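# Structural overview for review
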Amino acid sequence: MSLYPEIEPYDHGMLDVGDGNHVYWETSGNPHGKPALVLHGGPGSRTSPGHRRYFDPAAYRIVLVDQRGAGRSLPRASAHDTDMSVNTTRHLMADLERLRAHLGIERWLVWGVSWGSVLGLRYAQTHPGVVSELVLTGVATGSNAEVALLTRGLGKIFPEAHERFLAELPPDERDGNVAAAYNRLLESPDVAVRERAARAWTDWETATIPAPPRSVARYEDPDFRMGFVRTVTHYWGNDHFLGDGNDEDVVLRDAHLLKGVPGTLVQGSLDFGNLLGIVWRLHHAWPDSELVIVDEAGHDAGATGDDVLCAATDRYARGDA
């Protein structure tokens with residue numbers, strides 16, 4: 001099996017979601033098909049045409065949305081005067097509900113990657129009856145332990161790159177919340193400080209893929225880089241706006257609320273998130289889920305993962321849970 005052929009949207013628009021924000025959305029596939037919502041990663045990444053290809057266009061009404069501040073949504077997080085206080089998980093979920101009402105959709109399958117899996121899980125937990133199925137890859141739950149692993153723990157594996165990463169921070173902030181410290185740099189009035197911080201963060205991310213520094217094409221776009229890093233550090237530095245200020249994994253704690261929602265979890269065996277066993281714990285706390293581990297794959301589960309994801313959406317389109 002391979003991804004479905006490339007298709008173009010048949011409709012799109014900018015939805016006013018309040019707080020001066022307008023989110024970009026588009027629909028493709030069958031206007032009368034099974035609704036499916038795609039949630040991109042980041043936070044602060046964007047949707048891409050490739051996301052449409054995980055769905056049979058004859059069976060699905062495919063909805064793509066760029067989350068607040070990201071992609072084609074306005075205002076962009078890359079603009080220094082964009083108010084990030086109105087960009088939280090609660091705001092994003094409210095935006096999804098506005099979009100669902102705008103499109104006249106009662107229930108939809110939710111497909112999420114990386115941060116999109118966190119958002120999709122929490123959305124399903126807090127909006128019962130709205131999500132028909134979940135298809136998630138590069139699975140995360142937004143816990144503090146995951147952030148600590150990605151900003152500190154991996155330093156034991158990539159010590160040289162991690163030393164450069166911490167060196168960008170003021171000495172008295174290198175032992176605390178790394179993401180929050182970087183976010184303070186991203187909010188600096190000094191554009192040079194902001195630009196150095198954004199570059200240092202993406203250099204660290206590419207070092208842990210692993211890949212040669214600065215090899216990821218999207219990070220070479222200064223506008224994308226700034227908006228992405230500003231948003232990631234905003235969320236990671238604030239517990240993903242999920243909890244109540246403690247270290248509890250809220251999404252995992254509330255896994256029982258997913259009862260009755262079928263789900264497919266696709267995870268690369270070499271995804272560093274697996275170092276914490278998060279996806280395994282989620283699967284065992286959510287009886288209606290299936291877990292597929294793709295051998296020798298990372299955060300991107302590769303061609304084999306694509307096959308599994310397409311098989312899952314095909315199965316759910318047939319009504320086979």
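Presented here is an overview of the structure given in this document.

Definitions and cut-offs
- Residues numbered from 1 in each chain as written.
- Predicted model: local features only at pLDDT ≥ 70, side-chain atom pairs only at ≥ 80, totals over all residues.
- Heavy atoms only, no water.
- Buried < 20%, exposed > 50% of the residue type's maximum accessible area, 1.4 Å probe, protein only.
- Helix = DSSP H or I, 4+ residues; strand = E, 2+ residues; numbered from the N terminus.
- Arc of directions from axis to C-beta.
- Contact = heavy atoms within 4.5 Å.
- Phe/Tyr/Trp six-rings, centres within 6.5 Å; stacked < 30°, edge-to-face > 60°.
- Core = buried A, V, L, I, M, F, W, Y, C linked by side-chain atoms within 4.5 Å.
- Pairing = 2+ DSSP bridges.
- Axes fitted to C-alpha atoms, helices over the stretch in contact; angles between N-to-C directions.
- Parallel < 35°, antiparallel > 145°, perpendicular 65-115°, else oblique.
- Left-handed = near helix turned anticlockwise from the far one by under 90°.
- 1 Å grid on protein atoms, 1.4 Å probe; cavity = no way out; pocket = protein on both sides within 12 Å on 5 of 7 lines; lining within 4 Å.
- Points joined across faces, edges and corners; volume = space filled by probe spheres on them.
- Nonpolar A, V, L, I, M, F, W, Y, C, P; charged D, E, K, R; others polar.
- Salt bridge = Lys/Arg side-chain N within 4 Å of Asp/Glu carboxyl O.

### A closer look at helix H4 (residues 159-167)
Residues of H4 that are buried include every one of Ala-161, His-162, Phe-165 and Leu-166, and no others. An end-on view of H4 places all buried positions within 135° of arc, on one side of the element. Exposed side chains of H4 directed beyond 90 degrees from the buried face belong to Glu-160 and Glu-163. Buried residues along H4 sit in contact with helix H3 (144-151), helix H5 (178-186) and helix H6 (191-207).

### Concerning the packing of aromatic side chains
If you walk through the whole model with that rule in mind, you get 13 aromatic pairs. Relative to Phe-228, the ring of Tyr-219 lies with its centre 5.6 Å away and its plane at 35°, an arrangement referred to as tilted. The burial state of Tyr-219 is the same as that of Phe-228; both residues are buried. Three or more aromatic residues link up through ring pairs in this structure, and these residues are Phe-165, Tyr-182, Trp-201, Trp-204 and Trp-236.

### A short note on the nonpolar core
Within the largest apolar cluster, 67 residues are counted, with the highest numbers of intra-cluster contacts made by Trp-108 and Leu-134. Residues in contact with Trp-108, not counting those within four places in the same chain, are Pro-35, Ala-36, Leu-37, Val-63, Leu-96, Leu-99, Arg-100, Tyr-123, Val-130, Val-131, Ser-132 and Glu-133. If you look at the next biggest cluster of nonpolar residues, it comprises 20 residues, including Val-38, Leu-64, Val-135 and Leu-309.

### A closer look at the sheet that holds strand E7 (residues 263-268)
Ordered in space as E1-E2-E4-E3-E5-E6-E7-E8, the 8 strands form an open sheet in which the pairing is mixed. Across the chains shown, the open sheet's two edge strands, defined by having one partner strand only, are strand E1 (11-18) and strand E8 (289-294). Each strand axis lies, on average, 20° off the axis of its neighbour in the sheet, ignoring direction. Pairing of strand E2 (residues 21-29) with strand E4 (residues 60-65) involves 5 bridges; the strand directions are antiparallel. What sits directly across from Glu-26, in E4, is Leu-64. Along the sheet face, helix H1 (residues 89-103) touches E1, E2, strand E3 (34-39), E4 and strand E5 (108-113) and points at about 130° away from the line of E1.

### Concerning the packing of H5 against helix H7 (residues 222-236)
Put simply, H5 and H7 touch, their axes get as near as 8 Å, and they point 135° apart. By the angle between their directions, the pair H5 and H7 is classed as oblique. Helix-helix and strand crossings are classified by hand; for H5 and H7 the assignment is left-handed. Across the interface between the two elements, Ala-179, Tyr-182, Asn-183 and Leu-186 of H5 pack against Met-226, Val-229, Arg-230, Thr-233, His-234 and Trp-236 of H7.

### Some details on the layout of surface pockets
Quantified by volume, the largest pocket comes out at close to 1400 Å³. Lining the largest pocket are 50 residues, and of these Val-113, Ser-114, Arg-218, His-299 and Asp-300 sit closest to its centre. Mapped by element, the contributors of at least two residues to the lining of the largest pocket are E5, helix H2 (115-126), H3, H6, H7 and helix H10 (302-318). Take the lining of the largest pocket: its biggest share by element is 5 residues, from H3. Looking at side-chain class alone, the lining of the largest pocket contains 25 nonpolar, 18 polar and 7 charged residues. What lines the second largest pocket is a set of 14 residues, among which Ala-70, Gly-71, Arg-76, Asp-223 and Phe-224 lie closest to the centre.

### With respect to the pairing of E1
Residues in a regular strand project their side chains so that they alternate between the two faces of the sheet. Relative to E2, E1 runs antiparallel, the two sharing 7 bridges. The residue of E2 that forms the bridge with Gly-18 is Asn-21. Here E1 hands over to E2 after 2 residues, with Asp-19 in that stretch at a positive phi of 60°.

### A closer look at the pattern of salt bridges
Enumeration according to the criterion identifies 15 salt bridges in this entry. Notably, a salt bridge pairs Arg-100 with Glu-97, separated by 2.8 Å at the nearest N-O pair. With Arg-100 and Glu-97 both in helix H1 and 3 residues apart, the pair spans about one turn of that helix. Assigned by exposure class, Arg-100 and Glu-97 land together as buried. In this structure, Asp-254 engages Arg-253 in a salt bridge whose closest nitrogen and oxygen atoms are separated by 3.0 Å.

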